[in-house]
Amino acid sequence: MREEYDAIVLGGGYFGCSAAYHLSKSGIHTLLVEKNEIASGASGANFGNVQVQDSNMGLSLEMTLEGFRRMRNMEKELGLDIGYTACSSMIVAEKEEHIPGLLQLYEEKKEAGLAIHWLEGKEVNEAEPNLAKGEVKAATCYEQGRIYPFRYLFALVKRAKDLGLEVSERTEVAAVLVEGGACAGIILKDGRTIRARIVVVAGGSGTTEICRTAGLKIPIFSAKSECFVTEPIGPFLRHDVSSAAFFADAHNGKTAATALCAEQSLYGNILIAETTKPYELVKPEYSDLCSPEQRENIRDLILRFFPSLAGIKILRSWCVPSPATPTFEPVLGESPVPGLIVDAGFKSAVVMSAVSGSIVADLANGKTPAFDLSGFTSRIQKAEA
Amino acid sequence: MEKDETLICRCEEVTRAEILEAIAAGCHSVSAVKRYTRAGMGACQGRTCGRLIRGVLVEQGVLPPDTMDTDKPRFPIVPCAVRDL
């Protein structure tokens, strides 16, 4: 590690690795700093869904559609296998009260020109035969995609390294260095200073804390998120299935919640999520341990929706801090501290990863990005003195 | 242990060559090698291969010989049916 770079990226997840790749590609000498290891946080715990149909409208959807186009071409662009497969997403209304919200999602997306489908009653079971009959009132389906998270993350790092990126893992940042009101680099917890005129904070749920050291207030909060994986089985799920109440329930920032999300991985394992709890409600000694209450919630959820999985074995669980914002829209763009770029708090990460990387590289090079980011940048505020 | 085609993780069928590739890509712990190769993600959850992966990391000079580096054990420790969670 040198004492000075053109840019420093904080965070080795989807957004940090993508920013590092795009900055390196644009000729900027970049250092990627990760407090643990590449892919060890929420991105490594993610299911790899290139989620399109549940996007918020407006700028989120514009970026999602461009992001989807980028992800479909990412294997070609990187020249590496990232496990991209076309995959249909199904969002299910498990209660009558979820139907109006799901119908709105369907109508908005249809009006925006997406080939989205509405299913009711037995149409749902024809589309997803292993779903328990009658448990789902209605569903929307959309043909999108999926990647294998670890391959994608390591592919971004590999290509970025080919272009000159340096990576420093197990490196903790104490503060952003601000000099004369502008970003000047970072100070590490071991006391070292690394200088750079650009610092990109892509620290997921840790973003708020890092930005606070530069006098900024960011509305990203963090929930403890727990997921499970089964042994590999034969073809079982045709869709990436998630609940219409997934974001509203699982990332409400206030209560512990369990919301359905089930997918079959590239390797045949069933990935099951997700239970969440705001960190304020989690005892510190349980911050990275699977909890008994959530374990029972997940069991009941699976037995209700996919009863034929009752005898299938769970191999492993994982817990990570998962970021969210009150509106489920990201914080992206230049902050009031010149040179400090924030790139975090996305609703669906994979689909936004490549497009956000291009935006970060444009900002770092003084170019105007292809999107008007004001709606996402206005969320970065100076903390009150 | 010296042949490239030797299976290090039999559950996920990961060879020594793949472990070496992960190390060359910058994976310097048992957990990082697991993420890169899937070694340790199968039925035995690294009980057999964890020690072998650590051995390759030591042999390649990435970890010191007296390391206790392991992947973090995760619930449910032994495979458990969904209904028994």
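Residues numbered from 1 in each chain as written. Chains lettered and ligands numbered in written order. Predicted model: local features only at pLDDT ≥ 70, side-chain atom pairs only at ≥ 80, totals over all residues.

Summarise the overall build of chain B; cite the residues concerned and give the values.
Looking only at helices and strands, chain B has three helices and three strands in total. What you see in chain B, going N to C, is helices and strands ordered as β-β-α-α-α-β. For 85 residues, the compact-globule estimate of 2.2 N^0.38 gives 12 Å, and chain B sits close to it at 13 Å. Considered along the principal axes of its C-alpha atoms, chain B spans approximately 45 × 25 × 20 Å. Burial statistics for chain B: of 85 residues in total, 42% are counted as buried. Long-range contacts, defined here as pairs at least 24 residues apart, represent 44% of the contacts in chain B between residues at least 6 apart. (Helix = DSSP H or I, 4+ residues; strand = E, 2+ residues; numbered from the N terminus. Rg over C-alpha atoms; globule rule 2.2 N^0.38 Å. Buried ≥ 20, exposed ≤ 12 C-beta atoms within 10 Å, placed from the backbone. Contact = placed C-beta atoms within 7 Å.)

Help me get a handle on the sheet that holds strand E1 (residues 7–10) of chain A, residues and values and all.
Residue and element names in this part refer to chain A. The strand order E7-E2-E1-E11-E19-E18 describes an open sheet built from six strands, whose pairing is mixed. Strands at the two margins of the open sheet, each flanked by one partner only, are strand E7 (166–168) and strand E18 (331–334). This sheet shows a mean twist of 20 degrees between the axes of neighbouring strands, independent of strand direction. For E1 and strand E2 (residues 30–33), the ladder comprises four bridges, and the chain directions are parallel. Residue pairing for E2: Ile 8 is matched across the bridge by Leu 31. Strands in contact with helix H1 (residues 14–25) are E1, E2, strand E11 (198–201) and strand E19 (340–344); relative to E1, the strand with the most contacts, it is inclined by about 160 degrees. (Pairing = 2+ DSSP bridges. Axes fitted to C-alpha atoms, helices over the stretch in contact; angles between N-to-C directions.)

An account of the interface of chain A and chain B is needed here, citing residue identities and associated values.
At the junction of the two partners, chain A supplies 25 residues and chain B supplies 18 residues. For the side of chain A that touches chain B, the secondary structure elements donating two or more residues are helix H7 (149–162), helix H10 (292–305) and strand E17 (313–324) of chain A. Each residue belonging to the side of chain A that touches chain B can be placed in one class, and the counts come to 14 nonpolar, three polar and eight charged. As judged from the two bridges shared by E17 of chain A and strand E3 (residues 80–81) of chain B, these two strands associate in the antiparallel manner. If you follow Lys 313 of chain A over to E3 of chain B, its bridge partner there is Ala 81 of chain B. (Nonpolar A, V, L, I, M, F, W, Y, C, P; charged D, E, K, R; others polar.)

Would you mind going over the sheet that holds strand E8 (residues 173–179) of chain A in detail, with residue names and values included?
Residues and elements named next belong to chain A. Read from one edge of the open sheet, three strands run E8-E9-E10, paired in antiparallel fashion. Edge positions in the sheet fall to E8 and strand E10 (193–195), since each has one partner strand and no second. Put simply, the sheet's adjacent strands are angled 30 degrees from each other on average, direction ignored. Looking at chain direction, E8 and strand E9 (residues 182–188) are connected through six bridges and run antiparallel. Paired with Leu 177 across the strands is Gly 185, a residue of E9.

Can you explain the packing of helix H3 (residues 59–72) of chain A against helix H11 (residues 349–364) of chain A? Please cite residues and give values.
Residues and elements named next belong to chain A. For the pair H3 and H11, the least separation of the axes is 7 Å and the interaxial angle reads 85 degrees. It follows from the interaxial angle that H3 and H11 lie roughly perpendicular. For the pair H3 and H11, the contacting residues are Met 63, Thr 64, Glu 66, Gly 67, Phe 68, Arg 70 and Met 71 in the first and Val 350, Val 351, Met 352, Ala 354 and Val 355 in the second. Looking at side-chain class alone, the contact of H3 with H11 contains eight nonpolar, two polar and two charged residues. (Parallel < 35°, antiparallel > 145°, perpendicular 65-115°, else oblique.)

Go over helix H1 (residues 16–24) of chain B with me, naming the residues and quoting the values.
Residue and element names in this part refer to chain B. Taken together, the buried positions of H1 are Glu 18, Ile 19, Ala 22 and Ile 23. Angular distribution of buried residues about the axis of H1 spans 145 degrees; they occupy a single face of the element. On the buried face of H1, the contacting elements are strand E1 (7–9), strand E2 (14–15), helix H2 (30–37) and helix H3 (49–59). Trailing H1 by a residue or two, Gly 26 shows a phi angle of about 110 degrees, which is positive. (Arc of directions from axis to C-beta.)

Talk me through the environment of Gln 45 of chain B; I want residue IDs and the actual numbers.
Structurally, Gln 45 of chain B is set in the loop between H2 and H3. Look at Gln 45 of chain B and you get buried, because 21 C-beta atoms sit within 10 Å. Remark: the alpha-carbon pair of Gln 45 of chain B and Arg 83 of chain B, spanning 38 residues in sequence, is separated by 20 Å. Excluding residues within four positions of it along the chain, Gln 45 of chain B makes contact with Leu 315 and Arg 316 of chain A together with Gly 40 of chain B.

Let's hear about the environment of Ala 256 of chain A: which residues, and what values?
Residue and element names in this part refer to chain A. Structurally, Ala 256 is set in the loop between helix H9 (246–250) and strand E15 (257–264). Taking the C-alpha atoms as reference points, Ala 256 and Lys 224, separated by 32 residues in sequence, lie 9.1 Å from one another. Residues contacting Ala 256, with those up to four places away along its chain left out, are Thr 276, Lys 277 and Leu 281.

Give me the domain arrangement of chain A: which residues, what numbers.
All names here are of chain A. When the domains of chain A are assigned, the result is domain 1 (7–63 + 150–220 + 328–382) and domain 2 (87–144 + 222–324). A C-alpha centroid distance of 27 Å is found between domain 1 and domain 2. Each partner contributes to the interface: domain 1 provides 20 residues, whereas domain 2 provides 24 residues. Going through the elements one at a time, helix H2 (42–45) and strand E3 (49–50) are the ones with two or more residues in the side of domain 1 that touches domain 2. (Domains from an automatic or database assignment.)

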